[in-house]
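Overview (structure and organization)
The lines below spell out each chain.
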Amino acid sequence: MCFYDQQIFVCGDHKWGRFRAHCNKEYRTGETCGMKLIYEASRVASKCQMCKKYEVIWRKIVSAKERVARWETESINPVSTDKEKDNIAAWQRELKDMELMKQTKMRTI
Ligand SMILES: [Zn+2]
């Protein structure tokens, strides 16, 4: 087990930072083992990259849905409407993938 800094984001996610110290066991070999322990945790006043990306995609979906709803009530832009619906589906899949990734990450900690 070796010690690392850890950054904690407002969304609750964390990221490992700089390597700080070897544990007693690995000290002699000069290598780092796979286990990470927190040396110093610091809070970061922002969300992690993944949550930021998630929000961006989320906002894209919301505005695309609004556009589609408007076009459909006005019966205009049928081609763009179809294209936008494809986009929405693709973005939703992306969000789902990110959620899965997050869950897997949580389990491995
Ligand atoms: Zn996050």
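Below: a short report on this structure. Because the structure is a prediction, the values reported are computed rather than measured. (Residues numbered from 1 in each chain as written. Predicted model: local features only at pLDDT ≥ 70, side-chain atom pairs only at ≥ 80, totals over all residues.)

**Brief notes about the overall build of the protein**
A tally of helices and strands in the protein yields three helices and three strands. When the elements of the protein are put in sequence order from the N terminus, they spell out β-β-α-β-α-α. For a compact globule of 109 residues, the expected C-alpha radius of gyration is about 13 Å, and the protein comes in at 22 Å, more than 25% above that figure. Dimensions of the protein, computed from C-alpha atoms along their principal axes, come out at roughly 75 × 25 × 20 Å. Sequence-distant contacts in the protein: of pairs separated by 6 or more residues, those separated by 24 or more amount to 56%. (Helix = DSSP H or I, 4+ residues; strand = E, 2+ residues; numbered from the N terminus. Rg over C-alpha atoms; globule rule 2.2 N^0.38 Å. Contact = placed C-beta atoms within 7 Å.)

**Focus on helix H2 (residues 49-74)**
The terminal C-alpha atoms of H2, which comprises 26 residues, lie 38 Å apart, in line with the 38 Å expected from a rise of 1.5 Å per residue. Looking one or two places after H2, you find Ser75, whose phi comes out positive at around 50 degrees. (Expected span 1.5 Å × (residues − 1).)

**Observations concerning the pairing of strand E2 (residues 14-21)**
With five bridges connecting them, strand E1 (residues 2-9) and E2 associate as antiparallel partners. Paired with Ile8 across the strands is His14, a residue of E2. What sits between E1 and E2 in their antiparallel hairpin is a turn of four residues, with Gly12 showing a positive phi close to 95 degrees. (Pairing = 2+ DSSP bridges.)

**Here we look at the sheet that holds E2**
The strand order E2-E1-E3 describes an open sheet built from three strands, whose pairing is mixed. Among the strands making up the open sheet, the edge pair consists of E2 and strand E3 (36-44). Averaged over neighbouring strand pairs, the angle between their axes works out to 30 degrees when direction is ignored. (Axes fitted to C-alpha atoms, helices over the stretch in contact; angles between N-to-C directions.)

**Thoughts on the pairing of E3**
Buried residues are scarce in E3, accounting for zero of its nine residues. Bridge count between E1 and E3: eight bridges; the pairing is parallel. Looking across to E3, one finds that Cys2 is bridged to Lys36. (Buried ≥ 20, exposed ≤ 12 C-beta atoms within 10 Å, placed from the backbone.)

**Some words on the environment of Ile76**
Summarising the element assignment, Ile76 is placed in the loop between H2 and helix H3 (78-108). Residues Ile76 and Asp86, spaced 10 residues apart in sequence, show a C-alpha to C-alpha distance of 17 Å.

**Digging into unusual backbone geometry**
The backbone phi angle of Ser75 is positive, close to 50 degrees, even though this residue is not glycine. Its location among the elements puts Ser75 in the loop between H2 and H3. Overall, Ser75 belongs to the exposed group, with 8 C-beta atoms counted inside 10 Å. One non-glycine residue, Asn77, adopts positive backbone phi at about 50 degrees. Within the secondary structure, Asn77 is located in the loop between H2 and H3. On the basis of neighbour count, Asn77 is assigned to the partly exposed category, with 15 C-beta atoms found within 10 Å.

**Focus: the environment of Val44**
Of note, Val44 is situated in strand E3. It is 4.9 Å that separates the C-alpha atoms of Val44 and Phe9, two residues lying 35 residues apart in sequence. For Val44, the residues in contact, after removing those within four places along its chain, are Gln7, Ile8 and Phe9.

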